[in-house]
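Summary of the model geometry
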2 protein chains.
Amino acid sequence: MKSVLICGCDGYIGWGLAMHLAKRGHRVAGFDNLHRRRNVNAVGSISAIPIPTMEERVEYFDGNIEYQMGDATDYEFLSGIVKDFKPDTIVQLAEQPSAPFSMKNQKQAFYTQQNNVLGSLNVLFAIKEFVPDCHLLKLGTMGEYGTPNITIAENPVELEYDGRKETIQFPKQPGSFYHASKVHDTTNILLANRIWGLSCTDVMQGVVYGTRTNEMTDDKLLTRFDFDESFGTAINRFVAQAVIDYPLTPYGKGGQTRGYLALIDSVQCLRLAVENPPKQGEYRVFNQLAKTYSVLELANLVQEVAYDCGITTRIDCIENPRIEKENHYYNVESQKLRNLGFKETRSIKDELHLMFADLSKCGDRIKAHRDVIEPSSFWNGKIHNIVN
Amino acid sequence: MKSVLICGCDGYIGWGLAMHLAKRGHRVAGFDNLHRRRNVNAVGSISAIPIPTMEERVEYFDGNIEYQMGDATDYEFLSGIVKDFKPDTIVQLAEQPSAPFSMKNQKQAFYTQQNNVLGSLNVLFAIKEFVPDCHLLKLGTMGEYGTPNITIAENPVELEYDGRKETIQFPKQPGSFYHASKVHDTTNILLANRIWGLSCTDVMQGVVYGTRTNEMTDDKLLTRFDFDESFGTAINRFVAQAVIDYPLTPYGKGGQTRGYLALIDSVQCLRLAVENPPKQGEYRVFNQLAKTYSVLELANLVQEVAYDCGITTRIDCIENPRIEKENHYYNVESQKLRNLGFKETRSIKDELHLMFADLSKCGDRIKAHRDVIEPSSFWNGKIHNIVN
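Residues numbered from 1 in each chain as written. Chains lettered and ligands numbered in written order. Predicted model: local features only at pLDDT ≥ 70, side-chain atom pairs only at ≥ 80, totals over all residues.

Considerations on the sheet that holds strand β2 (residues 27-32) of chain B
All names here are of chain B. Our working definition: Any two strands with at least two DSSP bridges between them are considered paired. Strands are runs of DSSP state E lasting at least 2 residues, helices are runs of H or I lasting at least 4, and numbering of each runs from the N terminus. Axes here refer to lines fitted to C-alpha atoms; in helices the fit is confined to the stretch in contact. Angles between the N-to-C directions go from 0 to 180 degrees. What counts as a contact is two residues whose backbone-derived C-beta atoms lie within 7 Å of each other.
Across the sheet, which stays open at both edges, the seven strands sit in the order β3-β2-β1-β4-β5-β8-β11 with parallel pairing between neighbours. Only two strands of the sheet have a single neighbouring strand rather than two, namely β3 (65-69) and β11 (283-288). Taking the axes of each pair of neighbouring strands and ignoring which way they run, one obtains an average angle of 20 degrees across the sheet. Across five bridges, the pairing between strand β1 (residues 3-7) and β2 is parallel. Following the sheet pairing, Cys 7 is matched in β2 by Phe 31. Here helix α4 (residues 75-85) sits on the sheet in contact with β1, β2 and β3, set at roughly 165 degrees to β1.

Here's what the structure looks like:
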């Protein structure tokens with residue numbers, strides 16, 4: 001059993017992971033600056049699923065999770081909790097997770113990189129200073145890679161130039177200042193690994209969807225669910241749209257292909273990484289996803305399951321707020337988590353059925369904020385919007 | 001003739017460049033937060049060469065340079081000056097430039113990345129918002145590349161994996177949180193180039209040495225000269241050591257090979273980049289150096305020229321505070337600036353003679369701070385020191 005500190009335990013994944021690890025018998029502490037709640041409110045939205053405060057959550061939960069409010073960019077706070085709790089693993093989820101939010105304007109891009117890069121930098125120093133053998137489980141994103149015209153490797157690759165060879169990390173091409181912040185994190189982590197022998201699992205996670213993990217046995221224990229253009233991701237947004245009879249709105253031609261996995265599988269994978277740490281001084285990358293889909297395939301799947309649930313919905317492709325390829329090669333290696341035992345818990349259709357059941361109770365909350373579902377801010381700087 | 005805004009005009013290179021561009025007839029404005037002066041004082045040192053205030057400098061100088069005090073991380077200030085001055089070129093030198101300083105502790109690593117990454121991010125937004133056709137001339141460092149086992153290319157290279165090919169930027173492997181901050185800048189710049197069509201010359205500059213440019217016709221116009229373990233770079237530090245009969249102290253075996261160029265050639269190269277901007281929407285890399293030397297070769301050269309100047313000096317290799325290879329392959333492509341007309345102004349020995357002439361007048365100032373020449377902070381976290 002491990003002592004696990006979760007930075008960002010109030011978020012969509014953080015709360016689910018905290019309960020999952022605690023139920024597995026791990027010793028869990030977490031902190032959060034509650035920025036996700038604040039930022040979602042700032043874009044005029046709320047979580048579709050009502051969520052209690054963190055204090056209420058840890059009280060409702062039948063298990064032990066220590067919680068403190070605090071900010072990873074505050075080194076005094078962070079180093080204090082690391083020093084006291086002495087974690088075996090630190091899970092770094094304390095990041096602003098929205099690409100569209102980071103592309104809204106200078107202020108949000110600045111905030112995103114400040115929060116993410118400096119918070120993660122502090123985590124590196126806290127580990128070096130107080131728990132040098134600690135395993136850093138860092139949440140990156142598949143979006144760090146962009147959409148290269150070659151298979152995205154999970155291990156380092158060989159670059160040949162001018163008759164000589166060098167082994168390099170798979171190249172990154174982030175598509176937003178948010179994605180770039182995660183690339184910066186990776187650059188800093190690799191440095192800490194080289195100079196201090198920091199042990200790290202750098203998780204390149206696909207887009208996560210779903211409303212439930214096994215530990216959410218009571219509605220009060222559900223995690224947040226965002227559907228606005230900034231914090232709502234592709235599948236989640238489509239289901240929210242279907243629930244309120246809003247057309248599903250893929251961006252552009254919908255050919256953008258990405259890796260996806262359900263929330264229950266995200267926490268499964270992160271738990272597998274916690275329980276199977278890297279060797280001391282090892283830096284390893286996990287490409288964490290279940291399957292790849294194009295956005296249009298997802299819209300079609302959601303439409304189909306909506307129909308099974310008695311909802312007839314329309315698909316309206318809209319102007320793509322992002323600057324990205326809508327038709328591209330996409331192939332990803334993702335074997336390492338499977339080697340540790342990762343298996344999809346259920347099919348995407350079964351997951352979508354569960355989501356419709358949960359979200360059908362939240363129609364009023366989604367409807368009241370329907371004006372923030374479609375993009376208002378565009379990658380090229382035009383002021384409308386964006387998503388996922 | 002160009003309108004050029006120099007961010008960081010009070011620094012070692014910034015002041016020399018401001019005068020050089022102004023004398024060439026360019027319209028020059030600059031700003032600085034004066035952190036270099038503060039940070040050098042903070043490590044217990046001073047500039048070996050006494051320097052006037054920025055206000056006095058622009059007054060003494062026979063030419064027109066507009067100066068304001070201000071900070072690139074302050075977007076209101078930065079966007080104001082960009083909006084008013086409407087530069088054709090922004091030269092981004094407003095960065096904390098010391099690797100050892102960034103490795104001292106959490107506080108300085110945090111400060112370095114905050115200052116450098118967020119300042120440069122603001123520059124990107126100010127260009128996008130107010131001068132979208134502006135050429136960003138960004139000072140990076142050859143240290144972004146580390147010491148790969150292949151030739152460091154100046155153009156993108158081809159990566160073949162799993163039977164397919166992709167063109168990638170030459171991979172980076174920074175060796176300190178300072179170097180990493182420059183890699184982060186490059187990541188952000190490439191994003192701005194892709195999504196906004198930002199035009200950029202990303203200069204990967206070698207280590208700069210020397211005391212003079214042609215415009216420093218009066219001692220009052222000399223630029224700063226640092227010799228402490230944090231802000232003094234290899235050649236400069238060796239000359240300062242020789243001047244006060246302090247042994248030259250290469251780190252480790254001294255086999256570390258890097259690219260170097262004289263200050264007068266650094267401003268020449270940057271001027272060539274200003275006068276020969278990239279195509280609109282182009283991102284280009286210049287590897288900016290004159291020659292490569294190992295640290296031991298440099299110590300030998302300095303010892304030789306010192307002897308010509310009547311100074312007998314000793315070379316004492318000391319424990320390497322850095323974590324770096326001391327024996328490695330090093331080969332760099334650097335043709336693009338030569339194609340624009342770059343030629344070394346004089347030999348390294350002639351440059352060293354000029355340096356001895358200038359610094360021999362500053363022996364007392366160096367002697368008074370001799371205790372900060374050798375490393376006190378180590379890359380592995382031990383608290384002694386470092387340099388270059």
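Describing the sheet that holds strand β2 (residues 27-32) of chain A
Within a sheet, each strand pairs with its neighbour through backbone hydrogen bonds, oriented either parallel or antiparallel. Residue and element names in this part refer to chain A. Sheet architecture is open: seven strands sit in the order β3-β2-β1-β4-β5-β8-β11, paired in parallel fashion. At either margin of the open sheet sits one strand with a lone partner, and together these are β3 (65-69) and β11 (283-288). Taken pair by pair, the neighbouring strands of this sheet meet at an average axis angle of 20 degrees, ignoring direction. On the sheet, helix α1 (residues 12-23) packs against β1 (3-7), β2, β3 and β4 (89-92) and is oriented at approximately 165 degrees with respect to β2.

Considerations on the relation of the copies chain B and chain A
For the pair of chain copies, the relating transformation is a rotation about an axis with a translation along it. Definition in use: Superposition of the copies used a least-squares fit over C-alpha atoms from residues whose pLDDT is at least 70 in both.
Screw-axis analysis of chain B against chain A gives a translation of 0.0 Å along the axis, an RMSD of 0.0 Å, and a rotation angle of 180 degrees. On the angle and the small slide along the axis, the relation comes out as a two-fold axis. The share of interface residues of chain B whose copies in chain A are also at the interface is 100%, consistent with both copies meeting through the same surface.

Some details on unusual backbone geometry
All names here are of chain A. Short version of the rule: To assign burial, the other C-beta atoms lying within 10 Å of each residue's own C-beta are counted, with C-beta atoms placed from the backbone; 20 or more indicates buried, 12 or fewer indicates exposed, and intermediate counts indicate partly exposed.
Phi angles above zero are rare outside glycine, and Leu 34 is one such case at about 60 degrees. Checked against the element boundaries, Leu 34 lands in the loop between β2 and α2 (35-42). If you check the backbone angles, Asp 245 has positive phi at about 60 degrees while not being a glycine. In this structure, Asp 245 sits in the loop between α8 (234-243) and β10 (257-262). Judged by local crowding, Asp 245 falls into the partly exposed class, with 14 C-beta atoms found within 10 Å.

Brief notes about the packing of α4(B) against helix α6 (residues 106-130) of chain B
All names here are of chain B. Spelled out, the test is: Working definition: roughly parallel below 35 degrees, roughly antiparallel above 145 degrees, roughly perpendicular at 65 to 115 degrees, and oblique for all remaining angles. In this scheme the handedness of a crossing depends on how the near helix is turned from the far one: anticlockwise by less than a right angle means left-handed, clockwise means right-handed. Note on residue categories: nonpolar means Ala, Val, Leu, Ile, Met, Phe, Trp, Tyr, Cys or Pro, charged means Asp, Glu, Lys or Arg, and polar means any other residue, Gly included.
Relative orientation of the contacting elements α4 and α6 amounts to 40 degrees, with a least axis distance of 10 Å. Comparing the axis directions of α4 and α6 gives the class oblique. In this structure, α4 meets α6 at a crossing whose hand is right-handed. Counted together, Tyr 75, Leu 78, Ser 79, Val 82 and Lys 83 of α4 and Asn 122, Val 123, Phe 125, Ala 126, Glu 129 and Phe 130 of α6 form the full contact between these two elements. Of the residues in the contact of α4 with α6, the class split is seven nonpolar, two polar and two charged.

Here we look at the packing of helix α10 (residues 295-308) of chain A against helix α12 (residues 348-359) of chain A
Residue and element names in this part refer to chain A. At a minimum axis distance of 10 Å, the contact between α10 and α12 shows a crossing angle of 60 degrees. With respect to each other, α10 and α12 are oriented oblique. Helix-helix and strand crossings are classified by hand; for α10 and α12 the assignment is right-handed. For the pair α10 and α12, contact is made by Leu 301, Val 302, Val 305 and Ala 306 and by Ile 348, Lys 349, Leu 352, His 353 and Phe 356, respectively. Partitioned by chemical class, the residues of the contact of α10 with α12 number seven nonpolar, one polar and one charged.

On their own, these measurements won't tell you what the molecule is for.
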